[in-house]
Amino acid sequence: MKSFARHFPLAVLLGAMAIAAPAQAQEFKAGFVNTDRIFREASSAKAAQAKLEQEFSRREKELVDQGNTLKSATEKFEREAPTMAESQRVTRQRQLVDQDRDFQRKRREFQEDLTARKNEELSQVLERANKVVKQVAEAEKYDVILQEAVYVNPKHDITDKVLKAMNAAAAGNGSK
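Residues numbered from 1 in each chain as written. Predicted model: local features only at pLDDT ≥ 70, side-chain atom pairs only at ≥ 80, totals over all residues. Heavy atoms only, no water.

1. Regarding the nonpolar core
Note the threshold: We call a set of buried Ala, Val, Leu, Ile, Met, Phe, Trp, Tyr and Cys residues a nonpolar core when their side-chain atoms join them within 4.5 Å. Think of it in three bands: with a 1.4 Å probe and only protein chains considered, a residue is buried below 20% of the maximum accessible area for its type, exposed above 50%, and partly exposed in between. A contact between two residues is defined here by any heavy atoms of the two lying within 4.5 Å.
Counting 16 residues, the largest nonpolar core has Val33, Ile38, Ala42, Val125, Ile158, Val162 and Met166 as the members making the most contacts within it. Every residue in contact with Met166, bar those within four places of it in the chain, is listed here: Ile38, Ala42, Ser44, Val125, Arg128, Ala129 and Val132. Core analysis: the second largest hydrophobic core is formed by twelve residues, Leu52, Phe56, Ala81 and Leu96 among them.

Take a look at the structure:
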């Protein structure tokens, strides 16, 4: 009898939770947004990508040209090295090493600059996306919206709604 009296309140609590749980589960509304798709498909993300390409295309072309020039000079040196005087060969080899070091430095700086600008642009896209996600969540009464998950049932994916709202907002801003 003592065992029953001790476990009775716990049994009542568990019973009440079992009855209330289905009612609460129906009220809880969750959604998921695929940020990778946002970065690929949103018109603002595409515009950011085009802006970056325009901004960095000249430097990229210069790097490609410099790399090709260095490659040609290296190949020419390798062909002519056997017939060169030792002092000429050493001097030319130092010049090529210096040119290669300069090229590697410029390539590294280019990559760092590109990465920094890409992060700036993508953070602006993500900021816009988060505002739209919040608007959709409030309008459709979502309790939680997740951006990363191991598995999501496709019926909870609201990425299409967010993309549509972002693209509509971008089109509205572009026409003004």
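On we go.
2. Focus on unusual backbone geometry
This is how the line gets drawn: Secondary structure follows DSSP: runs of H or I at least 4 residues long count as helices, runs of E at least 2 residues long count as strands, and numbering of each begins at the N terminus.
The backbone of Lys141 sits at a positive phi, close to 60°, despite the residue not being glycine. Note that Lys141 resides in the loop between helix 4 (86-139) and strand 2 (144-146).

3. Details of the environment of Thr35
Tracing the sequence through the fold places Thr35 in helix 2 (residues 35-41). Exposure remark for Thr35: the relative accessible area of 17% places this residue in the buried category. Other than its neighbours up to four places away in sequence, Thr35 contacts Leu126 and Gln147.

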